[in-house]
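Take a look at the letters that make up each chain.
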Amino acid sequence: MPNRLTRWIIIGLVLGILSGYIAYAYFPESSAGYAELTSLLPTVFLRLIKMIIAPLVFATLVVGIAKMGDIATVGRVGGKALAWFIGASVISLTLGLILVQLFEPGKAMHLPIPEANATSGVKGDALSLKIFIEHTIPTSVIDAMARNEILQIVVFSLFFGTAMASLGERSKVVIEVLDVVAHIMLKVTGYVMLFAPLAVFGALANTVAREGLGIIGVYGLFIGEFYLGLAILWLVLVIAGGVVIGPRITQLVRRVREPVILAFSTASSEAAYPKTLEELERFGCSNRVASFVLPVGYSFNLDGSMMYCTFAIMFIAQVYGIEMSIGQQIVMVAVLMLTSKGIAGVPRASLVVIAATLPHFNIPEAGMLLLLGIDHFLDMGRSATNVVGNSVATAVVSKWEGELRNPGAEDSPVAAVSESRAS
């Protein structure tokens, strides 16, 4: 079934590009209407995914924390996850910085520096310490779930799960109920995933019908070099993960290919979250570790997005012939290390981070306009990379905790769901 669904997703991707190109090239008068119509498919799918995420994150995370037993264990697992996230962040930012200066894609465009008052339309002030706190600390868990604020749900779940664990036997009934809820939500995930090929078709058809394939040709050098950079980042992350978990890293790559393709096709790592969690547990990651590390990683470990930040900023600087010293580049990486951790829940997060960072180095904000037209195609690669990075991180922390099992070795929500499907 997973292989069949993967094939249908790829077929949807190809047909979406093909139909979008036909609409754009041969029926230009109706291409906008076709794009609007096909955009409904990914909209429906993403809304179904959003419907799942809040109860799934809450149920799995609370049960996982309660099974850990005490706050010391939670702190230990969180510390290990944070250490990996920081290391991966440094690698992602530095690799993007090195590659963009090696490739120099911006040197192909020699544009004059725009007017000082020219803007891109992307609000850089949407990123601040105040906004970060607002996206981290919930005023109401109901509101956080309604808006799918993953980080806020994680914070509440930490408190809730720790309190349950401290009550011991008295909370056993609630743990069992939430465990059943996790089973149910994973079953619902299986139903929702049946719509994935249609969503992929609609997402690609909509984009190509609006923009055409010509925009890829114009920015082909930048897009190609950025995707080459992502491929190198994937290789680095997989090798680093292989050092910890050994040869089984190849099994992990095979396991997560479906959520990676889904994230790439829909340009949304959020769309792949339920399937990623399911595949990680089937791979053998502990349920309590996976349900803790993965949602935290979705807020703090966006490897593809971070690499894009340095790549894009240096690209814009190259376009306008602005030289940045080694010291400025080091400061930029340090700034992005902090600001990139506040992008959870911020719309068009990578663009917002870039827009907020450019003024600090006297790079024209209007340079963002050079990227807006192709941002969807770049976001596809960023989203897929975020899934890869968080999958490797979850497997590594599970191994460090001594809870990376052989598939089917222990009971877990995914294992139980798989057994029920088989029967």
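Above this text sits the structure in question.
Definitions and cut-offs
Along every chain, residues carry numbers that run from 1 in the direction the sequence is written. Selection of residues for local features in this predicted model requires a pLDDT of at least 70, selection of side-chain atom pairs for listing and counting requires 80 or more, and totals for whole chains, interfaces and linings are taken over all residues. With hydrogens and water set aside, each side-chain value is computed from the structure's full complement of heavy atoms. Of the two site types, the cavity is a set of points on a 1 Å grid over the protein atoms alone where a 1.4 Å probe fits but cannot get out, and the pocket is an open set with protein on both sides within 12 Å along at least five of seven lines, each lined by residues with an atom within 4 Å of a point. Grid points are joined across faces, edges and corners, and a volume is the space filled by probe spheres set on the points. Helix numbers and strand numbers start at the N terminus; a helix is a DSSP run of H or I with at least 4 residues, a strand a run of E with at least 2. The nonpolar class holds Ala, Val, Leu, Ile, Met, Phe, Trp, Tyr, Cys and Pro. Asp, Glu, Lys and Arg form the charged class, and all remaining residues, Gly among them, are polar. To estimate the expected span of a helix, count its residues, drop one, and scale the result by 1.5 Å. A 1.4 Å probe rolled over the protein chains alone gives each residue an accessible area, and that area as a share of the maximum for its type sets the label: buried under 20%, exposed over 50%, partly exposed in between. Salt bridge, as applied in this entry: a Lys or Arg side-chain nitrogen positioned within 4 Å of an Asp or Glu carboxyl oxygen. Axis definition: a line fitted to C-alpha atoms, over the contacting stretch in the case of helices. Angles run 0 to 180 degrees between N-to-C directions. Angles below 35 degrees are treated as roughly parallel, those above 145 as roughly antiparallel, those between 65 and 115 as roughly perpendicular, and all remaining angles as oblique. Helix crossings get a hand from a simple test, with the near helix turned counterclockwise from the far one by less than a right angle marking a left-handed crossing and a clockwise turn marking a right-handed one. Contact definition: two residues touch when any of their heavy atoms are within 4.5 Å.

On to the layout of surface pockets, then. In this model, the second largest pocket occupies a volume close to 250 Å³. Along the walls of the second largest pocket sit 14 residues, with V154, L158, F292, V296 and F300 positioned nearest its centre. Listing elements by their share of the lining of the second largest pocket, those giving two or more residues are α4 (71-103), α7 (150-167) and α15 (287-300). The element best represented in the lining of the second largest pocket is α4, accounting for six residues. Taken together, the residues of the lining of the second largest pocket sort by class into eleven nonpolar, three polar and no charged.

Helix length check: helix α9 (residues 196-211), at 16 residues, gives a terminal C-alpha distance of 23 Å against a target of 22 Å (1.5 Å per residue), a fit within 8%. Burial of α9 is extensive: twelve of the 16 residues sit out of reach of the surface. Within α9, the full set of buried residues consists of A196, P197, A199, V200, G202, A203, L204, A205, N206, T207, V208 and A209. Just past α9, the residue G212 takes up positive phi, approximately 75°.

Under the defined criterion, the tally for this structure stands at 13 salt bridges. R210 serves as the salt-bridge partner of E36, at 3.1 Å between the closest nitrogen and oxygen. Pair noted here: E36 is in helix α2 (residues 28-38) and R210 is in helix α9, with a separation of 174 residues, a long-range link. We classify R210 as partly exposed; its relative accessible area is 43%. For R76, the salt bridge is made with E401, and the minimal N-O distance between the two is 2.8 Å. Of the two residues, R76 is situated in helix α4 and E401 in the loop between α20 (375-400) and α21 (413-422); the sequence distance between them amounts to 325 residues. Exposure remark for R76: the relative accessible area of 38% places this residue in the partly exposed category. Overall, the relative accessible area of 12% leaves E401 in the buried class. Each of R255, E258, K275, E278, E279 and R282 takes part in salt bridges that share partners, so that together they form one network.

Here we take up unusual backbone geometry. Even without glycine at this site, E104 takes up a positive phi of about 50°. Its location among the elements puts E104 in the loop between α4 and α5 (129-136). Since its relative accessible area comes to 36%, E104 is described here as partly exposed.

Direction vectors running N to C along α4 and α20 enclose 135°, while the axes themselves pass 10 Å from each other. One way to sum up the angle between α4 and α20 is to call them oblique. Classified by chirality, the crossing of α20 by α4 is right-handed. Across from V77, K80, A81, W84 and F85 in α4, the residues of α20 making contact are N390, V392, A393, V396, V397 and W400. Looking at the contact of α4 with α20, its residues break down into nine nonpolar, one polar and one charged.

Three or four residues apart is the spacing at which side chains of an α-helix point the same way, because the helix has 3.6 residues per turn. Its 17 residues place the ends of helix α16 (residues 303-319) 25 Å apart at the C-alpha level, agreeing with the 24 Å of an ideal helix rising 1.5 Å per residue. Phi turns positive, to about 65°, at G321, one or two residues after α16.

Turning our eyes to something else, we now look at the environment of P42. Among the structural elements, P42 can be located in helix α3 (residues 40-68). You can call P42 buried: its relative accessible area is 11%. Distance from P42 to L198, taken between C-alpha atoms, is 7.5 Å for residues 156 residues apart in sequence.

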